[in-house]
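Overview (structure and organization)
Listed here are the chains, written in short residue letters.
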Amino acid sequence: MDNKTIYALSTVFGKSGVAVFRISGKSAFNFFTEMTELKLSKIEPRKMYFLPIFDVDSRETLDKCMVVAFKAPHSFTGEDTVEINCHGSKAVIRSVSNSLSKIKGFRLAEAGEFSRRSFYNGKMDLTEADGLADLIDAETRLQQEVALKQMSGTLFNLYEDWRSRLVSLLSYVEAYIDFPDENIPQETVLKLENNVFKIVEEIENHIAINKVEERLRDGFQVVISGPTNAGKSSLINAIVKRNIAIVSDIAGTTRDVIEAYVDIKGFPVIFSDTAGLRDANDEIEKIGIDLARKKIAEADFNIFLFDAENDSPEIFNEYITEKNNYLLVGNKSDIITVEKRDELIQKGCVLISAKHNENIEAIIDALFNYFIDIYSSSSAHLITRQRYKEALEECLCNLKRFNLSKEIELSAEDLRLACRAIGKITGRVEVDEILDKIFSSFCIGK
Amino acid sequence: MEGLYDVIVVGGGHAGCEACAASARVGAKTLLLTHKISTIGEMSCNPAIGGLGKGHLVREIDAMDGLMAKVIDKAGIQFRMLNLSKGPAVRGPRAQADRSLYKKYMQQALIETKNLTIEEAAVEGFVLKDNKLNGVLLADGQKRYAKAIVLTTGTFLNGVMFTGHQTTIGGRIGEISCTGITPYLKQMGLKMGRLKTGTPSRLNADTIDWSVLERQSGDKNPQAFSFLTDKITNKQIDCGITSTNEQTHKIIRENFSKCALFSGLITGKGPRYCPSIEDKLVRFADRTSHQIFLEPEGYDTNVIYPNGISTSLPADVQSDFIHTMQGLENVEIMQFAYAIEYDFVDPQELNHCLGVKKIPGLYLAGQINGTTGYEEAGAQGLLAGINAALYAKNSGKEFYVDRSQGYIGVMVDDLITKGVDEPYRMFTSRSEYRLLLRADNADARLTEIGYNIGCVSDERYAVYKEKMQKIQSFNKYCENKIISYADIENQGLSVKHNGKKSLKDIMSYPNVSRETIENFDSEIKKIDNKIYEQVEIDAKYSGYLKREYEDIEIFKRDENLKIREDIDYNKIGGLSTEMVQRFTRVKPKTIGEASRITGVTPAAVTALLGYIKNA
């Protein structure tokens, strides 16, 4: 607990038509300056405003919302409070939540924290208090459920690994401080910096490769590849026609690549095609093929398109790896034989006619299913995940301050705070844990 | 009535001395009962005071006008400020004492204490009246009456000593043990257990070959423990350093079966940070050598304390392995090492004032609470003594130190919320506010509150007030004195041209010494070092201290939410049976304390909070 301004989604994620965010704390009204065009001086408490809200950084409009402000002490928590009523779609909730997290001094509320603040400020009476126990109970159960689901797996191990490594490093520093007459090898302490840098790097990478979030912001990369005559451009055109093309025909990096930015049922997708795959006769085309190979490897999803009449799906075998998510698509379905059709379907191919706009839905559905799959697996516990991110960022911030050129007790302080930050996710750091490490690692005591 | 006191303190060790003196200072008519007046203030083990965390405690005792710092300043024979190369928060004063001088000055200080009577008698039980504590029962059947009692029994409570398989009953070599009190405590429903500690052999200095040994000297400018001591005048003497070797280890290993610890004779748990040599060999099997410090026990004695080889091995084995060490080949062993096991009370039975929750008027301090160390004992004695006096005088007040105010607070809070499973020793890593709880500012943290409760003399308070006033005005001076960029750069410092720079800002730069600061302003030369230091530390730690103050603000918020003593945890909705049990056992006084109890969940604390806010 600290005195920061807290925010949280008050409605159930993804299940309500209208989502309500609540913000409480000293700088709650900064929401208006950071995310709306409403001037602070213009805000009347308890008045509902209908206004667009923007992302803190990109200034992109996130939604049009109903927003109401409560001035301390006339609010549930007794602090300055803002309530945002926005659309209940996952994408909107996510982007609003993301933007709120970027406001300085804001952090995600912990379980029961709004209620707790309201206690501190004397805003709850006896009847409400009785209900509170149930509330806390419910929150705890939910938390446990979330914790069990989320933390049973690799994520928990990863965070716990960082934390226990930090505790180890801290125990060296603490031993060095608390047992000056013992022979704590100086080189052990000097190695600390490298070890800390390593953890910093790992945490940074972890935060950075949080792909889904990034993709939701920038778009999923879908690459269409195939021989020159397979009909890649026609397919892109067909898709663009059926969906909202946000920007179309951005010039590609090579003459042959075209890109289209398309919204597929709420997911932003960037389609691009590659140079023809088979015709590696001259140098320039070889370069084109190398480029295509790279694009295929980096794509979130590959559409391997071939001429159903003249080619077979096997031509893509060399490009398919275990890591690829892909769909084999045979074009020109209108001109092939029934036997050929059955054979290709048997091989798991989707058959379309880009020219006649036939069966394009099948591709769209396959893409949507894939997106929804990875999206739900990664953001089922959006709020909790955001909490992790905040904790990790706090940890990083302290670790980056760490260096051995300042007083050792200050370096220790950096490590302590870093441990405490990860401890918020995985459990608290106990002094005893550090002492245990000290006594098992060094022969301490005369 | 004859034999009627406000407070009786049982035991004349380090806890007992501070307890009776503090009680008397607060104005209670106090009796110190000890079974042997001549051993009051005895250093049973290591003849040294202070160290990391421990030195901090001694300064805190001194800030509240306790005795330990003043006594060691007079009895010290080698003073060292540990961690001098590190920052001020983790520096700890340590001094070796002349054992007999320490005892002498401690006894003298007690004799000079007003309101205090000292009597030689063994205590073997309590006197109860209407089921309330009314006094103590002496071994000869006599009674002494008091409204409050402080027990500081140390290792004497059912003490048993071990040397190999040989066991001797007693609380210290050549002394008796106290067997009468434990049954009373158990009958009163207190949870008790056994703990273990040990002391090494003593060697004859005249038979050690000092010429081959490395030396360790004290500081050139020895720093005093007490805020009131101007200068250390005692002559400083050196220690020697030797070490165990493979031959030593071989002998010890071959005789593992003969040591009391491994043969199962000792059941109590010993401290990991003060392991016996056999413990070290088991836990660090790959080490081929361990350092042993040879510490003289005083100016006029040939007794040497070999720091690092406490053991419970039989005498013949001790003799064999000691003689394998360099310089000790022909040493005469004057007294063999022994391990000692004794009773302690689960400190979760206590409140923040070190009062036993089940028995009003009974206070415990020192090893009986599961701690180890003279300093830990002394600090508890002080706290218990003050509270016993406040209780006896019906003042309606109680005195405690919280975690943000001092190491005393950290220690007591740890003890009562977490209990102990090995003897508890202070480390600076135990404090979450380490940058603030420093040995150098113990007076700023505690003298005022000590004065308000009546345990600090007017004389000390005046000194303290003057010092604080000087720090304040010097701090203001440094904050207001603006230095130009040109002047700063002329001193070879680089400076960001972003706003005015005060003298205090410059102090915060790394590696800026006092001389550099004096170059900006020669007036600074007049400033006393103790004053300068406080402002400098404040500058150097500023960013981090700000964070600690913020943390403390949050900590205090929970600490100010009091829980009524008669609360029924069963009535709180949403608490599991386990949580009800944990709360009921510790009976936390505040929400903060409740949240620190081992195993208590945040949800349980919130439910409790909800309940007390409205009950």
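Source: prediction; values computed, not measured.

Overview of the nonpolar core
Among the nonpolar cores identified, the biggest contains 194 residues, and Val7, Ile149 and Val150 of chain B are the most heavily contacted of them. Ranked by residues supplied to this core, first place goes to helix H9 (residues 374-392) of chain B with twelve residues. The residues contacting Ile149 of chain B, other than those within four sequence positions of it, are Ile8, Val10, Leu133, Val136, Gly361, Leu362 and Tyr363 of chain B. Listed in part, the 37 residues of the second largest apolar core include Val262, Phe301, Phe304 and Ile363 of chain A.

What about the packing of helix H2 (residues 54-63) of chain B against helix H3 (residues 68-75) of chain B?
All names here are of chain B. Taken N-terminus to C-terminus, the directions of H2 and H3 make an angle of 115°; their axes are 7 Å apart at the nearest point. When the interaxial angle is binned, H2 and H3 end up roughly perpendicular. Where H2 approaches H3, its residues Val58, Arg59, Ile61 and Asp62 are matched on the opposing element by Met68, Ala69 and Lys70. Taken together, the residues that form the contact of H2 with H3 break down as four nonpolar, no polar and three charged.

Quick notes on the domain arrangement of chain B
All names here are of chain B. Along its sequence, chain B is organised into domain 1 (4-197 + 342-453), domain 2 (202-340), domain 3 (458-544) and domain 4 (561-614). Listed by partner, the interface residues are nine residues for domain 1 and nine residues for domain 3. Partitioned by chemical class, the residues of the side of domain 1 that touches domain 3 number four nonpolar, two polar and three charged.

Looking at the sheet that holds strand E4 (residues 76-82) of chain B
Residues and elements named next belong to chain B. The strand order E3-E5-E4 describes an open sheet built from three strands, whose pairing is antiparallel. Two strands close off the open sheet at either side, each with one partner strand: strand E3 (48-50) and E4. On average, each strand axis in the sheet is tilted by 15° relative to the strand beside it, whichever way the strands run. As paired strands, E3 and strand E5 (residues 92-97) are joined by three bridges and run antiparallel to one another. Bridging across to E5, Ala48 finds its partner in Gln96.

Things to note about the sheet that holds strand E1 (residues 5-9) of chain A
Residue and element names in this part refer to chain A. Overall, mixed pairing links the six strands, which are arranged E3-E4-E5-E2-E1-E6 in an open sheet. Each edge of the open sheet carries a strand with a single partner, namely strand E3 (48-54) and strand E6 (106-108). Mean inter-strand twist for the sheet, computed between neighbouring axes without regard to direction, equals 30°. Relative to strand E5 (residues 81-87), strand E4 (residues 61-70) runs antiparallel, the two being bridged by five bridges. Bridge pairing links Met66 to Asn85 in E5. The strands touched by helix H2 (residues 90-101) are E1, strand E2 (18-24), E4, E5 and E6; relative to E4, the strand with the most contacts, the crossing angle is about 65°.

Side note on the pairing of E3 of chain A
Regular strands place side chains that alternate from one sheet face to the opposite one. Residue and element names in this part refer to chain A. Taken together, the seven bridges between E3 and E4 define a ladder with antiparallel strand orientation. Among the inter-strand pairings, Leu51 is bridged to a residue of E4, identified as Cys65. Between the end of E3 and the start of E4, which pair antiparallel, lie six residues, with Arg59 showing a positive phi angle near 65°.

Some remarks on helix H10 (residues 407-418) of chain B
Residue and element names in this part refer to chain B. If you check H10, its first and last C-alpha atoms are 16 Å apart, about what twelve residues at 1.5 Å a residue would give, namely 16 Å. In terms of burial, H10 is a largely internal element, ten of the twelve residues being buried. All of the buried residues in H10 are Tyr407, Ile408, Gly409, Val410, Met411, Val412, Asp414, Leu415, Ile416 and Thr417. Along its buried surface, H10 packs onto H2, H9, helix H18 (577-586) and helix H19 (591-596). Following H10 by one or two positions, Gly419 adopts a phi angle in the positive range, close to 70°.

A closer look at the confidence of the model for chain B
Residues of chain B with pLDDT of at least 70 account for 98%, and the chain-wide mean is 92. Model confidence for the complex: the whole-complex pTM is 0.76, and ipTM, which rates the interface, is 0.83.

The rules behind these values
Residues numbered from 1 in each chain as written. Chains lettered and ligands numbered in written order. Predicted model: local features only at pLDDT ≥ 70, side-chain atom pairs only at ≥ 80, totals over all residues. Core = buried A, V, L, I, M, F, W, Y, C linked by C-beta atoms within 7 Å. Buried ≥ 20, exposed ≤ 12 C-beta atoms within 10 Å, placed from the backbone. Helix = DSSP H or I, 4+ residues; strand = E, 2+ residues; numbered from the N terminus. Contact = placed C-beta atoms within 7 Å. Axes fitted to C-alpha atoms, helices over the stretch in contact; angles between N-to-C directions. Parallel < 35°, antiparallel > 145°, perpendicular 65-115°, else oblique. Nonpolar A, V, L, I, M, F, W, Y, C, P; charged D, E, K, R; others polar. Domains from an automatic or database assignment. Pairing = 2+ DSSP bridges. Expected span 1.5 Å × (residues − 1). pLDDT = per-residue confidence, 0-100.

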